[in-house]
Amino acid sequence: MEISDYELLLDSLQMAGVYVIRKDNHQILYFNQWMKKTVPDLVLGAVRHELWVDMLPEGRTEMKNENINDAHPWKGTVRIEAADVLWEKKIPASVVTVIPCKESAAGKKEREYIGKSLGNLFFAIYDIDLEEDVFHTVNQREEVKNILGTEMSFTEAIRIYSEHFVHSDCREEYVQKMSRTNLLEKLSESRPFVAMEYHRIKIDAEGVPEGDGWVRATVIATEFRDGKSSKALYVAQDISEVKKKEEMEHQMLKEACEAANRANASKSEFLSRMSHDIRTPMNAIIGMTTIAEGHLDDEERVEDCLNKITVSSKHLLSLINEVLDMSKIESGKINLAEEEFNISDLIQNLLTMIRPNTEAKNHKLELNIAKVEHEDVIGDVMRLQQVFMNILGNAVKYTPPGGTLELEIKEKESERTGYGCYEFVFRDNGIGMSEEFVKKIFEPFSRAEDSRINKIEGTGLGMAIALKIIRMMNGDIQVKSEVNKGSQFTVTVYLKQQNTEMPDMEQIAGMPVLVVDDDVMACESACEILNGIGMKGEWVTSGKEATNRIMEARRTGKEFFAILLDWQMPVMDGLATAREIRREAGESVPIAILTAYDWSHVEAEAREIGIAGFISKPLFKSRLVYLLKKIAGGDCKREEASGEESACRDFNGKRILLAEDNELNREIAEEIIGSTGVMVECVENGLQAVERFKEKGSWYYDLIFMDVQMPVMNGYEATKTIRGIEREDAARIPIIAMTANAFTEDMIASKKAGMNEHIAKPLNLDQLMKCMSYWFCRTDKRKG
């Protein structure tokens, strides 16, 4: 058999190059199509010294660019294999195969069978004489050779081979296609090959099939006589890896299809449920409006309707926000803000928002903090708050009245330089979830099938959004739950740490502090913080023990610097304990109240007793340091700032410019803002806002509220134009974005344009009051 007999087969290879080069003068005698594509200037008969086998590593070798001459046609790592042959039975030459090492799975399998000779490219090669019905073995595996030998009737060989090595599912087709009769009929000069793939097995000595794999058998006509093939070449290739890849791809497609079907079903269910969930508050809004219109003379009835309209409106807004959030996240259009914030402030805001809900259901909220050394961090505080509010909000919704909620915060060791690893653990003893639902809790639109929650509104998007946000922060959420016992959500997130210095503690270093709390864990945590900042922490678990310990310290002349009293304790609560301490020990020892609850309704009574201050749980180091330094007569910046802000609540005489293009929105904003005592002037677009600002004198306006999406000139352009005006107040006047664009990227865009803050519509009066109070204070300072 000549090498030319293999040319049709070799040209069909897509993953390996083959060429033949003379030994004496390095002349190219043959190359396949792959080589032609790889080395376009390759020409038969040309002398190519750099392709001579002695220039390449011997045998089967991998080599890289640095081992190849710069003139070499290949780049990257390749695998070289060479074997000696007699070209046209007389010319000493070498057959060289070249395979890229980064080929496909099929290429890797093809490479596996390329040995030191061309015959190893295929595990079975036979010469077939179709006229004589005889085959001759060129190359075959030992187990086949033991059965077929090296020469026998081709028809008989096909029959015997099929019985031993072809799976019963493919046997009949194999025998038919590979039969001498079929080959003589099908092989022609226009179509000189017949091929099929079959499932291969191996029958052991006891007749039991073993092994598994796929083979591609190809018969290629090499000679024709009177228009019919007289001789042919039978080759077999192992394509098991290719088949496995195809099966994997098929399985992946099947799974993708099933996932898409599930998603479509979930979305259909979601739309059905959302139709109900959206119509419910809409029905309440429309219905209560109708009722109010019919009872305009009944003030109490109208007030009740308005309250219900407000509640329904807020619920409707939350539904819309979740749907829009999910859409933004899935489209990849959500960006995380990078802003400085304090973890203690984040938790305090979270507790402030959730407290009315927990109090309404009489939930006990337990808070624990463990070794949070770095509170000042950088990240997207609003998104983090959104995640925590979702988890804690669910805990409130799905925990029966009188239940217990827990929040535990830890700072763990971080492997990322400059970043802290923070773990937030949320626990409840609510209704819990089944193991099956826990597995799909993060799938969009998913809600548990539980009759106990059917009347609780929700989109099934909250947890999907939460996980995506946390993973964008390189974190994760883990869930544990048991039906009727409760759930635990563990949020781990990495936050960039600010470069902050520890405040000067020299003034109070070494001072003793007594912690009084019925929760031992809270006592130990507080004392750990105290000891960590250089003070001496000591704790007791009841009011009576506290009074005795204080009197004992007084007798020994080692009075406490301060007392930290928990408000909610059994037998004797914090206020009762404080009265007892004052009765026994007098006014000398400062007392502060620790609490996780709203203390506003007892603040006046506490001040009368002589309480020096309140501090919120969980107890963070920064807040404790501030309180202790305040007691010692140190830094009181927070209190001063708070006082200033209260003073700025008087808005009489303040003037605001409002830019809003929508007439109804303009009327609403003017009415709400005007209700605070502020004078409001309105314009309909950004250009009018710029012109009005130019017309008025310096500091005529104290603040500008700017809509973003307006005709003629939008809010961003108007803000940039105002900031560019050469006038003292142009660069310093507060400009607040007041817009329905409520995503983080919208807030970032407004700051880039030169705006100072961002308020989302619909307007919230409390948020509006805080915003105006804050910026009016700063405007007054700038004017002064």
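Described in the following lines is the structure provided in the data block.

What follows concerns the packing of aromatic side chains. Evaluated as defined, the whole model comprises 11 aromatic pairs. Plain terms: the ring middles of Tyr 774 and Trp 775 are 4.9 Å apart, the flat faces sit at 85° to each other, and that makes the pair edge-to-face. Judged by its relative accessible area of 33%, Tyr 774 falls in the partly exposed class. A relative accessible area of 9% means that Trp 775 is categorised as buried. One aromatic cluster in this structure is built from Tyr 161, Phe 165, Tyr 174 and Tyr 198.

This part takes up the nonpolar core. Judged by nonpolar contacts, the single largest core of 46 residues is most densely connected at Leu 384, Phe 388, Phe 424, Phe 426, Ile 477 and Phe 489. The biggest single contributor to this core is helix α11 (residues 381–397), with 8 residues. Residues within four places of Leu 384 in sequence aside, it is in contact with Phe 341, Leu 346, Ile 470, Met 473, Val 493 and Leu 495. By size, the runner-up hydrophobic cluster in this structure holds 30 residues, among which are Leu 148, Ala 157, Leu 183 and Tyr 234.

In terms of residue burial, strand β11 (residues 228–238) counts as a mostly covered element, since 9 of its 11 residues are buried. Relative to β11, strand β6 (residues 124–129) runs antiparallel, the two being bridged by 6 bridges. Within the sheet, the bridge partner assigned to Asp 129 lies in β11 and is Lys 231.

What follows is about the sheet that holds strand β25 (residues 679–683). The parallel open sheet is built from 5 strands, whose spatial order is β25-β24-β26-β27-β28. Taken across any chain shown, the strands that pair with only one partner, and hence form the sheet edges, are β25 and β28 (757–760). Each strand of the sheet is rotated relative to its neighbour by a mean of 25°, with strand direction disregarded. Lying over the sheet, helix α20 (residues 663–674) contacts β24 (655–659), β25, β26 (703–706) and β27 (735–739), oriented at roughly 165° with respect to β25. The sheet strands contacting helix α22 (residues 715–723) are β26 and β27, and the helix crosses β26 at an angle near 155°.

Attention now moves to the environment of Ile 581. Considering the arrangement of structural elements, one finds Ile 581 in helix α16 (residues 574–585). Once the C-alpha coordinates of Ile 581 and Lys 544 are considered, the two residues, 37 residues apart in sequence, prove to be 9.4 Å apart. Other than its neighbours up to four places away in sequence, Ile 581 contacts Thr 547, Ile 550, Ile 563, Leu 565, Gly 586 and Ile 591.

Quick look at helix α21 (residues 686–695) now. For α21, the complete set of buried residues consists of Gly 686, Ala 689, Val 690 and Phe 693. Summarising the axial view, the buried residues of α21 lie within an arc of 100°, below the 170-degree limit, and thus occupy one face. Elements that come into contact with the buried residues of α21 comprise β24, β25, β26 and α22.

With respect to the helices and strands, the residue Leu 628 is situated in helix α18 (residues 621–631). You can call Leu 628 buried: its relative accessible area is 0%. In this view, Leu 628 contacts Ile 508, Leu 530, Ile 533, Met 535, Phe 561 and Ala 562; residues no more than four positions away in its chain are not counted.

A contiguous nonpolar patch, built from Ile 278, Met 282 and Ile 286 and spanning about 240 Å² of accessible area, is present on the exposed surface. Among the structural elements, Met 282 can be located in helix α8 (residues 240–294). Classification of Met 282 by relative accessible area gives partly exposed; the value is 33%.

We now examine the side chain of Ser 344. Among the structural elements, Ser 344 can be located in helix α10 (residues 343–360). Polar contacts involving the side chain of Ser 344 include one to the side chain of Asn 342, which spans 2.2 Å. Among residues more than four places away in sequence, those in contact with Ser 344 are Glu 375, Phe 620, Ser 622 and Arg 623.

With that out of the way, let us pick up the sheet that holds strand β19 (residues 512–516). Strand pairing within a sheet occurs via backbone hydrogen bonds; the two strands may be parallel or antiparallel. On the basis of which strands lie adjacent, the open sheet formed by 5 strands has the order β20-β19-β21-β22-β23 and parallel pairing. Edge positions in the sheet fall to β20 (536–540) and β23 (611–616), since each of these pairs with one other strand and no more. On average, each strand axis in the sheet is inclined to that of its neighbour by 25°, with strand direction left out of account. Two strands pair when backbone bridges link them, and β19 and β20 are joined in this way by 5 bridges, in the parallel orientation. Residue pairing for β20: Leu 514 is matched across the bridge by Glu 538. Here helix α15 (residues 543–555) sits on the sheet and contacts β19, β20 and β21 (562–566); the angle it forms with β19, its principal contact strand, is near 160°. Running over the sheet, α18 touches β21, β22 (591–595) and β23 and is turned about 170° from β23.

Next up on the list: the packing of helix α5 (residues 154–165) against helix α6 (residues 168–177). Interaxial distance between α5 and α6 falls to 10 Å at its minimum, and their mutual angle equals 165°. Taken together, the axes of α5 and α6 are roughly antiparallel relative to one another. In the packing of α5 onto α6, the handedness of the crossing is right-handed. Residues Ile 158, Tyr 161, Ser 162 and Glu 163 of α5 pack against Arg 171, Tyr 174 and Val 175 of α6. Considering only residue class, the contact of α5 with α6 consists of 4 nonpolar, 1 polar and 2 charged.

We now examine unusual backbone geometry. Of note in this structure, Asp 133 is not a glycine but carries a positive phi near 60°. Here Asp 133 lies in the loop between β6 and β7 (134–139). By relative accessible area, Asp 133 is classed as buried at 17%. One non-glycine residue with positive phi stands out, namely Asp 226, at about 55°.

This part takes up the pairing of strand β15 (residues 404–412). With 7 bridges joining them, strand β13 (residues 364–370) and β15 adopt parallel strand pairing. Counterpart to Ile 369 in the pairing with β15 is Ile 409. Relative to strand β16 (residues 419–428), β15 runs antiparallel, the two sharing 8 bridges. Each residue of the ladder has a partner; that of Lys 410, found in β16, is Glu 423. What sits between the antiparallel neighbours β15 and β16 is a turn of 6 residues, in which Gly 418 has the positive phi angle 85°.

So, on to the pattern of salt bridges. The full count for this structure, using the stated rule, is 33 salt bridges. Here Glu 246 ties to Lys 243 by a salt bridge, and the two come within 3.7 Å at their closest N and O atoms. Within this pair, Glu 246 and its partner Lys 243 are both found in helix α8, separated by 3 residues, close to a single helical turn. Judged by relative accessible area, which is 39%, Glu 246 ranks as partly exposed. Look at Lys 243 and you get buried, because its relative accessible area is 16%.

Reading the values: rules and limits
- Residues numbered from 1 in each chain as written.
- Predicted model: local features only at pLDDT ≥ 70, side-chain atom pairs only at ≥ 80, totals over all residues.
- Heavy atoms only, no water.
- Phe/Tyr/Trp six-rings, centres within 6.5 Å; stacked < 30°, edge-to-face > 60°.
- Buried < 20%, exposed > 50% of the residue type's maximum accessible area, 1.4 Å probe, protein only.
- Core = buried A, V, L, I, M, F, W, Y, C linked by side-chain atoms within 4.5 Å.
- Helix = DSSP H or I, 4+ residues; strand = E, 2+ residues; numbered from the N terminus.
- Contact = heavy atoms within 4.5 Å.
- Pairing = 2+ DSSP bridges.
- Axes fitted to C-alpha atoms, helices over the stretch in contact; angles between N-to-C directions.
- Arc of directions from axis to C-beta.
- Patch = residues over 30% accessible without salt bridge, like charges linked within 9 Å, V, L, I, M, F, W, Y side chains within 5 Å.
- Areas by Shrake-Rupley, 256 points an atom, 1.4 Å probe, with all protein chains shown as cover.
- Salt bridge = Lys/Arg side-chain N within 4 Å of Asp/Glu carboxyl O.
- Polar contact = N/O pair within 3.5 Å; in protein donor to acceptor, adjacent residues only side chain to side chain.
- Parallel < 35°, antiparallel > 145°, perpendicular 65-115°, else oblique.
- Left-handed = near helix turned anticlockwise from the far one by under 90°.
- Nonpolar A, V, L, I, M, F, W, Y, C, P; charged D, E, K, R; others polar.

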